Amino acid sequence: KLHLEEIEEKLTSLPFTFRLTYVNDYRYGQALVMLHDRHTSSEMARNYCRSLLDGMMMPKYFAQTEHFPMTETFKPARRLLHELAEKLVRMKNET
């Protein structure tokens, strides 16, 4: 299994704000999701990732978000990120 921190480390040079998380996916079991800021298109985020990541590390889904949930100590709130990603991916798949 890939570790999110390992993938995030490879993406530190990206010129936009992002967070990675996993969602449950009926096709893949678990799928990697990149949540990125609303000023960046999903196509742009995907192209940046393609240039920096191996195929196994490539996110399956890309979704824009207005905010990134954080803990009180300003670390990513992983559980809330997961819930947000589940919601955004579900909405994207329904359209």
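Residues numbered from 1 in each chain as written. Predicted model: local features only at pLDDT ≥ 70, side-chain atom pairs only at ≥ 80, totals over all residues. Heavy atoms only, no water.

Enquirer: Looking at this structure, I do not really get the pattern of salt bridges. What am I missing?
Expert: Where charged atoms from two side chains of opposite charge approach closely, those side chains can pair. Within this structure, the stated rule accounts for 4 salt bridges. A salt bridge links Arg78 to Glu5; the shortest N-O distance between them is 3.9 Å. Placement of Arg78 in helix α3 (residues 78-94) and of Glu5 in helix α1 (residues 4-10) is noted, with a sequence separation of 73 residues between them. Across the salt bridge formed by Glu66 and Arg38, the nearest N and O atoms sit 3.1 Å from each other. Note that Glu66 is positioned in the loop between β3 (61-65) and α3 and Arg38 in the loop between β2 (29-37) and α2 (42-52), a separation of 28 residues in sequence. (Salt bridge = Lys/Arg side-chain N within 4 Å of Asp/Glu carboxyl O. Helix = DSSP H or I, 4+ residues; strand = E, 2+ residues; numbered from the N terminus.)

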